[in-house]
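Residues per chain are reported as follows:
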Amino acid sequence: MSTSRGEQRMRTGRVERGTKETQVVVEIDLDGTGRVDVATGVGFFDHMLTQLGKHGSFDLTVKTAGDLHIDSHHTIEDTAIALGQAFREAMGDKSGIRRFADASVPLDETLAQVTVDLSGRPYLVHTEPEGIAPMIGPDYDTTMTRHIFEAFVFNAAICLHVHVPYGRNAHHIVEAQFKALARALRDAVAHDPRAHGIPSTKGAL
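Worth saying up front: this structure is predicted, and the values here are computed from it rather than measured.

Peer 1: How would you explain the pattern of salt bridges if you had to name every residue and give the values?
Peer 2: One pass over the structure, following the stated rule, counts nine salt bridges. The residue D59 makes a salt bridge to R35 at a minimum N-O spacing of 2.9 Å. Taken together, the positions of D59 in strand β6 (residues 59-66) and R35 in the loop between β4 (22-29) and β5 (36-39) put the pair 24 residues apart, joining distant regions of the chain. With a closest N to O distance of 2.6 Å, D117 and R99 form a salt bridge. Here D117, found in strand β8 (residues 110-117), pairs with R99, found in the loop between α2 (73-91) and β7 (100-107); they are 18 residues apart in sequence, far enough to count as distant. Accessibility classification places D117 together with R99 in one group, the buried group. By sharing partners, the salt bridges in this structure join R14, E16 and E27 into a single network.

Peer 1: Please provide a residue-by-residue account of the pairing of β4, values included.
Peer 2: Two elements, strand β3 (residues 12-18) and β4, share seven bridges in a ladder whose sense is antiparallel. Note that in β4 the partner of V15 across the bridge is V26. Two successive antiparallel strands, β3 and β4, enclose a turn made up of three residues. Where β4 meets β6, eight bridges bridge the pair, whose relative direction is antiparallel. Paired with T22 across the bridge in β6 is G66.

Peer 1: Now, about the sheet that holds strand β9 (residues 123-127): what can you tell me, with residues and values included?
Peer 2: Sheet strands associate in pairs through backbone hydrogen bonding, adopting either a parallel or an antiparallel arrangement. Strand order in the open sheet formed by four strands is β7-β8-β12-β9, with mixed pairing between adjacent strands. Of all the strands in the sheet, the pair left with one neighbour each is β7 and β9. The sheet shows a mean angle of 10° between the axes of neighbouring strands, direction not considered. One ladder, built from six bridges, connects β8 with strand β12 (residues 159-166); its direction is antiparallel. For D117, the partnering residue across the bridge sits in β12 and is C159. Against the sheet, helix α3 (residues 144-156) engages β9 and β12, with an angle of about 165° to β9.

Peer 1: Just give me the short version of the packing of α2 against α3, but keep the residues and values in it.
Peer 2: It is the contact of α2 with α3, at a shortest axis distance of 7 Å, that shows an interaxial angle of 30°. Considering how the two elements wind past one another, α2 and α3 form a crossing that is right-handed. On α3, the residues touching H73, I76, E77, A80, I81, L83, G84, Q85, F87, R88 and M91 of α2 are M144, H147, I148, A151, F152, N155 and A156. Here the contact of α2 with α3 is composed, by residue class, of eleven nonpolar, five polar and two charged.

Peer 1: Pulling in residues and values, what's your account of the packing of aromatic side chains?
Peer 2: Across all of its chains, the model carries four aromatic pairs by this definition. Seen in terms of ring centroids, F58 and F87 are 6.2 Å apart; in terms of plane orientation they differ by 70°. Their pairing is edge-to-face. Of this pair, F58 sits in the loop between α1 (43-56) and β6 while F87 sits in helix α2; the two residues are 29 residues apart in sequence, bridging distant segments of the chain. Here F149 and F178 contribute two aromatic rings whose centre-to-centre distance is 5.3 Å and whose plane-to-plane angle is 45°, an arrangement assigned as tilted. Of this pair, F149 sits in helix α3 while F178 sits in helix α4 (residues 170-188), placing them 29 residues apart in sequence. The exposure classification of F149 matches that of F178, with both residues buried. Among the aromatic side chains, those forming a connected cluster through ring pairs are F58, F87 and F152.

Peer 1: Please provide a residue-by-residue account of the nonpolar core, values included.
Peer 2: Membership of the largest hydrophobic core comes to 60 residues, with the highest contact counts inside it found for F87, V116, L118, Y140, I158, L160 and L185. Among the elements that make up this core, the one with the highest residue count is α4 (eleven residues). Residues contacting L118, with those up to four places away along its chain left out, are F87, M91, K94, I97, R99, I158, L185, A188, V189 and L205.

Criteria and cut-off values
Residues numbered from 1 in each chain as written. Predicted model: local features only at pLDDT ≥ 70, side-chain atom pairs only at ≥ 80, totals over all residues. Heavy atoms only, no water. Salt bridge = Lys/Arg side-chain N within 4 Å of Asp/Glu carboxyl O. Helix = DSSP H or I, 4+ residues; strand = E, 2+ residues; numbered from the N terminus. Buried < 20%, exposed > 50% of the residue type's maximum accessible area, 1.4 Å probe, protein only. Pairing = 2+ DSSP bridges. Axes fitted to C-alpha atoms, helices over the stretch in contact; angles between N-to-C directions. Contact = heavy atoms within 4.5 Å. Left-handed = near helix turned anticlockwise from the far one by under 90°. Nonpolar A, V, L, I, M, F, W, Y, C, P; charged D, E, K, R; others polar. Phe/Tyr/Trp six-rings, centres within 6.5 Å; stacked < 30°, edge-to-face > 60°. Core = buried A, V, L, I, M, F, W, Y, C linked by side-chain atoms within 4.5 Å.

Right, here's the structure in full:
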């Protein structure tokens, strides 16, 4: 909801998404301090969302109840959709932001590189090492990482490039991506003191 914070709009978003498969509530404050309250029922995914909030300095609340008796796919997918929608709502018209940002994050043997453009046009490029272990823990399918980013990008309407040139451990490979994404988003949504209005020659993003 748009309310005043000094001269600046409060950059918050809240989305409730309900289907026959899941019930999701996501709240995000782009100008938070990294307070996170996450519960999806999928332990490793909770861990990744915690990285996103903490390293992005976003206050993030995620509550998902899904059909985990089938598998974790719907729970993870629908949470990513709602997260993207909440992020888009929180950005508002994007006036005065940096818009572009990148981050490289190492995690032991792994390196993740992320570049983002809050462009209003969804596009994802995603590469990671071949042969990554198929599962992390009992309920996180590692093919879901790309799918999470696809759902987030489409619903947030941003352009995102994620590249992991090397890494061995699946946990490290995925976690480094979320940490790098968090840092890039944090910088991209930051207020640019030299910018005035929408950061586009089109006049809209």
